Amino acid sequence: GEETASFIAAMDAEAEGSILLTAPGYTVPSQKTTYTYFCFSKDDLVAQGLPADDGSAHIIGIEAVLNNSNSITNVHHIIVKTSEDANGACSNNNADDFMYVWAFGQSNFQAPANTGFRYGPDGNGAFQSISMEV
């Protein structure tokens, strides 16, 4: 709809790139109340195009994509959290901060102008790894 078109236009105008956090090969179970955690370490994020060493980037928009009927029917929420440690989000789902929470019917997230979630070097308050709960 119009809201999605507005989001896409804003990301096209403001974003310098994008990353895609997926769960390849994972099928959402049809039984109720199943929680699954996915981890994206610094190495995973670098492989997606984020800076490897001293560079930084900002996440300025997030879109939850449910691309099949099983996911659309059975996914209740998605929680994205971050850690300042390169593998922190991967250690027993030990992420420090909430980045994004999605529930059915919620729109995409677009950060206000000149803001975003900072990814960057260790020790500067920036995130280096991400966990996603579905």
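See the structure above.
In what follows, the accompanying structure is described. (Residues numbered from 1 in each chain as written. Predicted model: local features only at pLDDT ≥ 70, side-chain atom pairs only at ≥ 80, totals over all residues. Heavy atoms only, no water.)

## Structural notes on the sheet that holds strand E1 (residues 37-40)
Then comes step 1: Ordered in space as E1-E8-E4-E5, the 4 strands form an open sheet in which the pairing is antiparallel. At either margin of the open sheet sits one strand with a lone partner, and together these are E1 and strand E5 (97-103). Each strand of the sheet is rotated relative to its neighbour by a mean of 15°, with strand direction disregarded.
Then comes step 2: In this structure, E1 lies alongside strand E8 (residues 129-133), joined through 4 bridges in antiparallel fashion. Within E8, the residue paired with Cys39 across the bridge is Ser131. (Pairing = 2+ DSSP bridges. Helix = DSSP H or I, 4+ residues; strand = E, 2+ residues; numbered from the N terminus. Axes fitted to C-alpha atoms, helices over the stretch in contact; angles between N-to-C directions.)

## Here's the deal with unusual backbone geometry
Then comes step 1: Despite not being glycine, Asn114 shows a phi value in the positive range, around 65°.
Then comes step 2: The residue Asn114 is located in the loop between strand E6 (109-110) and strand E7 (117-119) in this model.
Then comes step 3: The exposure class of Asn114 is exposed, given its relative accessible area of 82%. (Buried < 20%, exposed > 50% of the residue type's maximum accessible area, 1.4 Å probe, protein only.)

## Let's talk about the packing of aromatic side chains
Then comes step 1: Enumeration over the complete set of coordinates arrives at 3 aromatic pairs.
Then comes step 2: Arranged with centres 5.2 Å apart and planes meeting at 75°, the rings of Tyr26 and Phe38 form a pair that is edge-to-face. Of this pair, Tyr26 sits in the loop between helix H1 (2-14) and E1 while Phe38 is found in strand E1, placing the two residues 12 residues apart along the sequence.
Then comes step 3: We note Lys81 situated over the ring of Phe98; from NZ or CZ to the ring centre the distance is 5.2 Å. (Phe/Tyr/Trp six-rings, centres within 6.5 Å; stacked < 30°, edge-to-face > 60°. Lys NZ or Arg CZ within 6 Å of the ring centre and 35° of its normal.)

## Remarks on the environment of Thr115
Then comes step 1: With respect to the helices and strands, the residue Thr115 is situated in the loop between E6 and E7.
Then comes step 2: Each C-alpha atom, one on Thr115 and one on Gly125, is 14 Å from the other, the two residues being 10 residues apart in sequence.

## A short note on a negative patch on the surface
Then comes step 1: A cluster of acidic residues, Glu84, Asp85, Asp96, Asp97 and Asp122, forms a negative patch at the surface.
Then comes step 2: Along the chain, the position of Asp97 falls in strand E5.
Then comes step 3: Overall, Asp97 belongs to the partly exposed group, its relative accessible area being 41%. (Patch = residues over 30% accessible without salt bridge, like charges linked within 9 Å, V, L, I, M, F, W, Y side chains within 5 Å. Areas by Shrake-Rupley, 256 points an atom, 1.4 Å probe, with all protein chains shown as cover. Salt bridge = Lys/Arg side-chain N within 4 Å of Asp/Glu carboxyl O. Lys, Arg positive; Asp, Glu negative; His and termini not counted. Charge placed at Lys NZ, Arg CZ, Asp CG, Glu CD.)

## Topic: the side chain of Gln128
Then comes step 1: In this structure, Gln128 sits in the loop between E7 and E8.
Then comes step 2: Judged by its relative accessible area of 3%, Gln128 falls in the buried class.
Then comes step 3: In contact with Gln128, other than residues within four places in its own chain, are Ser41, Lys42, Leu45, Ser83, Glu84, Asp85, Ala86, Tyr119, Gly120, Pro121 and Asp122. (Contact = heavy atoms within 4.5 Å.)

Coordinates in, geometry out; function isn't part of it.
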